[in-house]
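Each chain, written out:
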Amino acid sequence: DEYHGYLSTGLATMHPDGSDIQVIGFNVGRDAEPTVADDGALLFTRLELFYSRMKTEFNLLRAFPDGTRMETLYGPERRELWSGIHGGYGNWGTSGDRHRQLRLVQPRAHLPNQHLLITPAGPIITKGRHAERFIRESFLRSGGNDPWVITTPHKIDENTLLVAAGKKNHEMVRDEFPRDPVDLGLYYLDVPTGELTLLYNDPDVAAFEARPLHPRKVPPVLPDSPQSHGSRFTSTLYANSVFATQQQHVPKRGRLLRVIEGQPQVARHITHNSSGDEEAWKNHGGTFARVLGTVPLASDGSFAVEVPADRLLHLQVLDGDRNVVGNQTVWMHARPGEVKGCVGCHEPPQTAALPPVSQGSGSTFVRNRSIFDHGPPPSTLPDGSEQLRYRAKMWFKGYAPDEREERQRTVQAINWFGRP
């Protein structure tokens, strides 16, 4: 991964006998804890670390079982809230706008457009992308930390969760070596009040991941995209207008769109040792990348580009001199044949989505189709002068402004890279 050089993990599907393994999620962080929601979609968490906006460590994402229609459901937009929540982890709590330890883990479906997550501040229920409810909110209101650790929730009904819980051992958290383990027992958690009711506890063992043996509704099987198992090798990306943004220079100066392909490193680098000659990690170094190509923006800021499928990609808006004025802060990907669209780039929070417009097997948010009206989307063919291999989206324990990344590309490029 881009952060400490650990192995990346991506979502994959397979048959019950272990055959036909297909990777459906591509990233240079970590996909974890996938579960099937009530509507048949996949819920999972993803490690995303770059720039201060994305220092959330784990966000909540959703995707169809074939990897299409992937979207972030909760995490980045709540930076201001989580930067003020300590979470009981000492110096490893949240830190400023980076909210270092926002660990959104163990995702579960709750009610429509609501999801249950475990966080350092206890279990929460999200309400869309911009709101949440803390089930044990009384401890936050009092300015303290919940003395209980709660984990592995399972929904019994909308008012009751089956959880594992135990009182925190603060000596274990603060000391270099653990003393006594946390004694986890099984409890009912009342969602409206946050009260815990003991169900079972053996003080000699930790009990967790309990599942009641009762009938439950089988989620529907969502159809694969018609192109997902075909012979397509490309995808289409578009935006209604990159001028719908919080980045002030983009509407005034944006003229071009550059497409970057990330190329993960296949070896770890040693920057320091944890003990003796044992390898530790590569610190926050970014990933290798190359420029696939540059296309003009339409006069209204819209674009449509054909890109390689199942590759790590991120986009940059350039001015007429090819200086970066808008920079996507995460890596993304699209499945073969998938058409993926958005309202803008870093658009203001709660920007209303436009009515869907039918296009093939999916739907889009494109209203102004100025590029589509003039034929197929332009290809992002390499233009030769930009085929450099360089360190993209680097961080190195600090904020990476656009001009620093531009210097990485133009001045500190590693070498010319092979053309596709």
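Within every chain, residues take consecutive numbers counted from 1 along the sequence as written. The model is predicted, so local features are restricted to residues of pLDDT at least 70 and side-chain atom pairs to those at 80 or more, both for listing and for counting; the totals for chains, interfaces and linings are taken over all residues. With hydrogens and water stripped out, all remaining heavy atoms of the structure feed into the side-chain values.

**With respect to the overall build of the chain**
Part 1 of the reasoning: Tallying secondary structure elements over the chain gives five helices and 25 strands in all.
Part 2 of the reasoning: Partly exposed describes any residue whose relative accessible area lies between the buried limit of under 20% and the exposed limit of over 50%, with all areas from a 1.4 Å probe on protein chains only and scaled to the type maximum. Of all 420 residues assigned to the chain, the portion counted as buried reaches 47%.
Part 3 of the reasoning: Note on contacts: a residue pair qualifies if any of its non-hydrogen atoms lie within 4.5 Å across the two residues. Residue pairs at least 24 apart in sequence account for 61% of intrachain contacts in the chain once pairs closer than 6 positions are excluded.
Part 4 of the reasoning: Using a 1.4 Å probe, the Shrake-Rupley method yields the accessible areas, and only the shown protein chains count as cover for residues. For the chain, the computed accessible surface area is about 21,300 Å², with 53% contributed by carbon and sulfur atoms. Per the convention used, a helix needs a DSSP run of H or I reaching at least four residues, while a strand needs a run of E reaching at least two, with both numbered from the N terminus.

**What to know about unusual backbone geometry**
Part 1 of the reasoning: Although it is not a glycine, Asp 20 adopts a positive phi angle of roughly 55°.
Part 2 of the reasoning: If you trace the backbone, Asp 20 turns up in the loop between strand S1 (12-13) and strand S2 (22-23).
Part 3 of the reasoning: Exposure remark for Asp 20: the relative accessible area of 43% places this residue in the partly exposed category.
Part 4 of the reasoning: One non-glycine residue, Glu 33, lies in the positive phi region at around 55°.
Part 5 of the reasoning: Summarising the element assignment, Glu 33 is placed in strand S3 (residues 30-36).
Part 6 of the reasoning: Accessibility expressed as a relative area gives 33% for Glu 33, which makes it partly exposed.

**So, the confidence of the model for the chain**
Part 1 of the reasoning: Each residue gets a pLDDT score, which is the predictor's confidence in that residue and runs from 0 to 100. With 65% of its residues at a pLDDT of at least 70, the chain reaches an overall mean of 76.
Part 2 of the reasoning: By mean pLDDT, strand S23 (residues 362-364) is the weakest element of the chain at 31, and strand S13 (residues 185-190) is the strongest at 97.
Part 3 of the reasoning: Below a pLDDT of 50 lies the segment residues 87-99, which in the model reaches 35 contacts outside its immediate sequence neighbourhood of four places, other chains included.
Part 4 of the reasoning: Low pLDDT (under 50) marks residues 416-420, which in the prediction has 16 contacts with non-local residues, meaning those over four places away or in another chain.

**Some remarks on the sheet that holds strand S21 (residues 339-342)**
Part 1 of the reasoning: With respect to topology, three strands assemble into an open sheet ordered S18-S15-S21, the strand pairing being mixed. Each having just a single partner strand, strand S18 (303-308) and S21 make up the two edges of the open sheet. Within this sheet the neighbouring strands show an average axis-to-axis angle of 20°, counted without direction.
Part 2 of the reasoning: If DSSP finds at least two bridges between two strands, the strands pair. Here strand S15 (residues 234-239) pairs with S21 via four bridges, running parallel. Within S21, the residue paired with Ala 239 across the bridge is Cys 342. Here, axes are lines fitted to C-alpha atoms. For helices the fit covers the stretch in contact, and angles between N-to-C directions go from 0 to 180 degrees.

**A word on the packing of aromatic side chains**
Part 1 of the reasoning: Note on aromatic contacts: the rings of Phe and Tyr and the six-membered ring of Trp form a pair at centre separations within 6.5 Å, being stacked when their planes are under 30 degrees apart, edge-to-face when over 60 apart, and tilted otherwise. Scanning the entire structure with this criterion turns up one aromatic pair.
Part 2 of the reasoning: Ring geometry for Trp 148 against Tyr 187: centres 5.4 Å apart, planes inclined by 80°, an arrangement best described as edge-to-face. One end of the pair, Trp 148, is in strand S11 (residues 148-157); the other, Tyr 187, is in strand S13, with 39 residues separating them in the sequence.
Part 3 of the reasoning: For Tyr 187, a relative accessible area of 11% corresponds to the buried category.

**Notes on the nonpolar core**
Part 1 of the reasoning: To form a nonpolar core, buried Ala, Val, Leu, Ile, Met, Phe, Trp, Tyr and Cys residues must be joined to one another through side-chain atoms within 4.5 Å. The biggest cluster of nonpolar side chains holds 19 residues, and the ones touching the most others in it are Leu 237, Val 242, Leu 257, Phe 303, Val 305, Leu 315 and Val 317.
Part 2 of the reasoning: Every element with two or more residues in this core is listed here: S15, strand S16 (256-263), strand S17 (287-296), S18 and strand S19 (312-318).
Part 3 of the reasoning: If you look at the next biggest cluster of nonpolar residues, it comprises eleven residues, including Leu 73, Tyr 74, Ile 124 and Phe 134.

**Digging into the pattern of salt bridges**
Part 1 of the reasoning: The salt bridge definition used is simple: a Lys or Arg side-chain nitrogen within 4 Å of an Asp or Glu carboxyl oxygen. The final tally for this structure, using the stated rule, is nine salt bridges.
Part 2 of the reasoning: Its salt-bridge partner being Arg 62, residue Glu 71 comes within 3.6 Å of it at the nearest N-O pair.
Part 3 of the reasoning: Residue class for Glu 71 comes out partly exposed when judged on its relative accessible area of 36%.
Part 4 of the reasoning: Judged by its relative accessible area of 18%, Arg 62 is buried.

**Considerations on the pairing of strand S20 (residues 324-327)**
Part 1 of the reasoning: Where S19 and S20 come together, three bridges link them in antiparallel fashion. In the strand pairing of S20, Gln 316 is matched with Asn 327.
Part 2 of the reasoning: Taking the residues between adjacent antiparallel strands as the criterion, S19 and S20 are bridged by five residues, where Arg 322 takes a positive phi near 65°.

**A few points about a nonpolar patch on the surface**
Part 1 of the reasoning: Patch membership requires more than 30% relative accessible area and the absence of a salt bridge. Residues of like charge join within 9 Å; the nonpolar side chains Val, Leu, Ile, Met, Phe, Trp and Tyr join within 5 Å. A contiguous nonpolar surface patch, about 370 Å² in accessible area, is contributed by Ile 156, Tyr 188, Leu 199 and Tyr 200.
Part 2 of the reasoning: With respect to the helices and strands, the residue Tyr 188 is situated in strand S13.
Part 3 of the reasoning: Judged by relative accessible area, Tyr 188 falls into the partly exposed class, the value being 36%.

**Some thoughts on the side chain of Thr 152**
Part 1 of the reasoning: With respect to the helices and strands, Thr 152 occurs in strand S11.
Part 2 of the reasoning: Judged by its relative accessible area of 5%, Thr 152 is buried.
Part 3 of the reasoning: Within the local environment of Thr 152, its side chain forms a polar contact with the backbone nitrogen of Glu 209, the two atoms lying 3.2 Å apart.
Part 4 of the reasoning: Apart from the residues within four sequence positions on either side, Thr 152 is in contact with Gln 106, Arg 108, Leu 162, Val 163, Ala 164, Phe 208, Glu 209 and Arg 211. Pairing of N or O atoms within 3.5 Å defines a polar contact, subject to two protein rules: one partner must be a possible hydrogen donor and the other a possible acceptor, and residues neighboring in sequence count only if both atoms are side-chain atoms.

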